[in-house]
Amino acid sequence: MARPLWLVRPRADGGCDYVNFVPGGSSVEMREGSHLPPQMPLLKRRCWLRTEEAELQRRRLQQEAGYHHSEPLF
């Protein structure tokens, strides 16, 4: 993962859940949250993963949890 990556999953209330992967050297920061415009985004969880773990997590979120690639939300 060489660049920041956004994954988004729409919600029934018009908002969305998001996961943002931010590479930083030998690890990747994974930020999970939700956003319902015009409110400020809510950060629910953040953690740091090895690059390989982040790639596995990205695949799982896309294949099993209904997330898809997105442009940055904010």
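Scroll up a little and you will see the structure.
Figured I'd write up the structure that's included with this text. Keep in mind it's a predicted model, so treat the numbers as computed, not measured.

### Observations regarding the overall build of the protein chain
Helix and strand content of the protein chain: one helix and five strands. Of the regular secondary structure in the protein chain, the N- to C-terminal order runs β-β-β-β-α-β. Over its C-alpha atoms the protein chain spans a radius of gyration of 12 Å, differing by no more than 12% from the 11 Å that the globule rule assigns to 74 residues. For the protein chain, the proportion of its 74 residues judged to be buried stands at 36%. Within the protein chain, residue pairs in contact and separated by at least 24 positions form 38% of the contacts whose partners lie at least 6 positions apart.

### Some points on the pairing of strand E2 (residues 16-24)
Sheet analysis places strand E1 (residues 5-10) next to E2, joined by six bridges and oriented antiparallel. Paired with Val8 across the two strands is Tyr18, which belongs to E2. As defined by bridge partners, E2 adjoins strand E3 (residues 27-35) across nine bridges and the pair is classed as antiparallel. Bridging from a neighbouring strand, Asp17 pairs with Ser34 of E3.

The rules behind these values
- Residues numbered from 1 in each chain as written.
- Predicted model: local features only at pLDDT ≥ 70, side-chain atom pairs only at ≥ 80, totals over all residues.
- Heavy atoms only, no water.
- Helix = DSSP H or I, 4+ residues; strand = E, 2+ residues; numbered from the N terminus.
- Rg over C-alpha atoms; globule rule 2.2 N^0.38 Å.
- Buried < 20%, exposed > 50% of the residue type's maximum accessible area, 1.4 Å probe, protein only.
- Contact = heavy atoms within 4.5 Å.
- Pairing = 2+ DSSP bridges.

Purely geometric stuff here, so don't read any function into it on its own.
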